[in-house]
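Chain and residue survey
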Amino acid sequence: MRILFLGDIVGRSGRDAVEAQLPELRRRLSVDLAVVNAENASHGFGLAPAMADSLFAAGCDVLTLGNHAWDRKELIGHIGGAPRIVRPLNFPPGTPGAGSVLLTLADGRRALIANVMGRLFMDALDDPFRLTTELLSRHRLGTTVSAIVIDFHAEATSEKAAFAHHLDGKVSLVVGTHTHTPTADHRILPGGTAFQADAGMCGDYDSVIGMGKEAAVARFVRKMPGERLQPADGEATICGLLVDTDDRTGLARSVAPLRVGGALSQAMPEPG
Ligand SMILES: [Fe+2]
Ligand SMILES: [Fe+2]
């Protein structure tokens, strides 16, 4: 299975880039499954239902979230009827929506996609390691599902690496999100799980992690609350990775970074 994962969409710049380019990326790279983090899609904070619909129409199969899940409160009443929008698995019991979705592709193959939040330098939440292990006890890679993708939304690279090693051999891909900065550590772990500590964002990098740089810098310099942060609106870099998996085992055969447009160095996986 060929899986494209894109990191946090930030604001209009990121949305416009993904909506304009995802159809062609899907075709050119023969993508079977596109999973996109959209926690910052709506003006940098949250995901409005109408914007989710536009992203689905552009070819996103599943939208994942994170600590900004409920910044657009309309999503709270919407997510129960939108199973392809996935919020963190370790939110408290009774939270609307689900932390994973079992998706059946057009050709009948099935994939499990989950969104899990880390706890280091983040909100206090339930144990991501234990809850993910519980989730995986109900799905067998290469048997009941052809692929398992976990978006681990976390701040600390140490927690991300520990989480990936904990799941090595049990899932197809562990990919970090939340820092909005792509890391260069994409690789296949010894047990066959593809890993990258952070996918980066789909947003304007001439910014402070997607937000307008003047206001963001002023907060650090003056140490006083300043004007509200607004997403930077220059050309976005679409950041993510492409993973090929073996349908018999569900494990990764290759992983390659993707960076298209905007201020970052460009990287395009080989077309399949
Ligand atoms: Fe984010
Ligand atoms: Fe986040």
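All values derive from a computational prediction rather than experimental measurement. (Residues numbered from 1 in each chain as written. Chains lettered and ligands numbered in written order. Predicted model: local features only at pLDDT ≥ 70, side-chain atom pairs only at ≥ 80, totals over all residues. Heavy atoms only, no water.)

Here we look at the pattern of salt bridges
Inclusion rule: Throughout this description, the term salt bridge denotes a Lys or Arg side-chain nitrogen within 4 Å of a carboxyl oxygen of Asp or Glu. A helix here means a DSSP run of H or I that spans at least four residues, while a strand means a run of E at least two residues long, and both kinds are numbered starting from the N terminus. Per-residue accessibility, obtained with a 1.4 Å probe over protein chains only, is compared with the maximum for each type, and a residue is labelled buried under 20%, exposed over 50%, and partly exposed between these values.
The tally for this structure, following the rule as stated, stands at 14 salt bridges. E24 is paired through a salt bridge with R27; the nearest N and O atoms lie 2.9 Å apart. Of this pair, E24 and R27 both sit in helix α1 (residues 11-28), separated by three residues, roughly a single helical turn. Judged by its relative accessible area of 57%, R27 falls in the exposed class. Across the pair D206 and K213 runs a salt bridge, and its minimum N-O distance is 2.7 Å.

Here we look at the nonpolar core
Across soluble globular proteins, you tend to see nonpolar side chains buried next to one another. Note the following rule: Throughout this description, the term nonpolar core refers to a set of buried Ala, Val, Leu, Ile, Met, Phe, Trp, Tyr and Cys residues connected via side-chain atoms within 4.5 Å. Contacts are assigned to residue pairs that have any heavy atoms within 4.5 Å of one another.
Core analysis: the largest hydrophobic core is formed by 35 residues, its most contacted members being L6, V18, L47, L55, L63 and I85. When residues in this core are grouped by element, the largest group, four residues, is from α1. Those residues in contact with V18 that sit more than four places away from it in its chain are L6, I9, P23, L55, C60, C202 and I238. By size, the runner-up hydrophobic cluster in this structure holds 22 residues, among which are L33, V86, L105 and A147.

Describing the coordination of the iron ion (ligand 1)
Selection criterion: Here a donor is any nitrogen, oxygen or sulfur atom (N, O, S) within 2.8 Å of the metal, with 3.2 Å used for Na, K and Ca; water is not among the atoms considered, so some sites may look incomplete. The geometry test gives tetrahedral to four donors whose angles all lie between 85 and 135 degrees, gives square planar to four donors and octahedral to six donors whose opposite members are over 155 degrees apart with all other angles between 65 and 115, and gives irregular to the rest.
In this structure, D8 (OD), E39 (OE), N40 (OD1) and H180 (NE2) serve as the protein donors to the iron ion (ligand 1), at separations of 2.1 to 2.2 Å. Taken together, the four donor atoms surrounding the iron ion (ligand 1) define angles of 87 to 165 degrees at the centre, an arrangement classified as irregular. A spacing of 3.4 Å is found between the iron ion (ligand 1) and the iron ion (ligand 2), which share E39 as a donor. With a relative accessible area of 1%, E39 lands in the buried category. Note on N40: relative accessible area 2%, which makes it buried.

Read these as spatial facts, not as claims about activity.
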